[in-house]
Amino acid sequence: MIYRNYQHNTTSVRKSSIFLLFLTIALALLLSFSFMTIKASAASTSNGTNLSDWDYTDNGDGTITIKKYKGTSDDVVIPGKLDGKQVVIECQMGGLQGTSQDFNLNDCRSLTFKKVDNTKVQWGNDSRSGAKDTDDMNQAFHYLKELEKIDLSGLEYSNVTDMGMMFNHCDKLTTVTGLDTSNVKIFSSMFAHIKSEK
């Protein structure tokens with residue numbers, strides 16, 4: 001009788017140990033997966049989709065003007081809204097590195113303007129004094145020498161009439177999508193000095 005109780009207790013302890021072992025392994029795998037997911041999420045948010053990826057000015061009218069990219073990705077996405085406010089661009093995004101026009105996109109390979117909640121990124125904003133006119137994209141992306149593709153479909157620039165030198169010295173540019181030239185009058189040197197002409 002004592003032997004049977006001992007044997008029963010030993011079997012119960014063994015089953016409990018196996019159960020605890022499986023439970024520990026399952027928890028370890030779950031925690032590891034959660035950590036990898038958090039790490040992946042953190043990495044993916046440095047491509048421009050978070051407000052912290054930009055130097056910006058809150059204009060106090062439901063819009064923010066982005067000034068400089070602080071993220072780490074070379075595939076940059078500029079959403080129509082950041083922190084619930086429409087994104088505005090009031091300067092050339094290209095420019096020689098280290099100059100006042102340096103938007104810090106010099107290593108950017110892909111640039112996408114993305115509509116959010118039916119809101120596009122606004123090019124320029126002439127509602128405030130001193131802001132860039134909405135009709136001028138002259139040299140807008142010039143000297144982005146690593147840029148290979150750009151998607152403008154999420155950018156509001158329907159008033160633009162000047163696209164002169166817009167992609168000047170974008171040496172590697174091969175793909176431009178969402179380009180609307182319906183109101184454009186000035187095209188001079190729009191694609192000048194592109195080495196990858198295709």
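Refer to the structure above for everything that follows.
These lines cover the structure that appears in this document, whether it is placed above or below.

## Focus on the environment of Gln139
Alright, step 1. With respect to the secondary-structure elements, Gln139 resides in the loop between strand 7 (121-123) and strand 8 (149-151).
Alright, step 2. With 51 residues separating them in the primary sequence, Gln139 and Met190 have C-alpha atoms 8.1 Å apart.
Alright, step 3. Apart from residues lying up to four places away in sequence, Gln139 is in contact with Gln92, Gly164, Met165 and Met166.

## Describing the nonpolar core
Alright, step 1. In this structure, Ile78, Phe113, Met137, Phe141 and Phe167 are the most contacted members of the largest nonpolar core, which totals 36 residues.
Alright, step 2. Where this core is concerned, the elements lending two or more residues are strand 2 (63-69), strand 3 (75-79), strand 5 (85-89), strand 6 (110-114) and strand 7.
Alright, step 3. The element best represented in this core is strand 2, accounting for three residues.

## What to know about the sheet that holds strand 6
Alright, step 1. Reading across the sheet, the four strands line up as 3-6-8-10 and stay open at both edges, with parallel pairing between neighbours. The open sheet terminates on both sides in strands that have one partner only, identified here as strand 3 and strand 10 (175-177). The sheet shows a mean angle of 5° between the axes of neighbouring strands, taken without regard to direction.
Alright, step 2. In this structure, strand 8 lies alongside strand 10, joined through three bridges in parallel fashion. Counted as the bridge partner of Asp151 is Thr177 from strand 10.

Basis of the calculations
- Residues numbered from 1 in each chain as written.
- Predicted model: local features only at pLDDT ≥ 70, side-chain atom pairs only at ≥ 80, totals over all residues.
- Heavy atoms only, no water.
- Helix = DSSP H or I, 4+ residues; strand = E, 2+ residues; numbered from the N terminus.
- Contact = heavy atoms within 4.5 Å.
- Core = buried A, V, L, I, M, F, W, Y, C linked by side-chain atoms within 4.5 Å.
- Buried < 20%, exposed > 50% of the residue type's maximum accessible area, 1.4 Å probe, protein only.
- Pairing = 2+ DSSP bridges.
- Axes fitted to C-alpha atoms, helices over the stretch in contact; angles between N-to-C directions.

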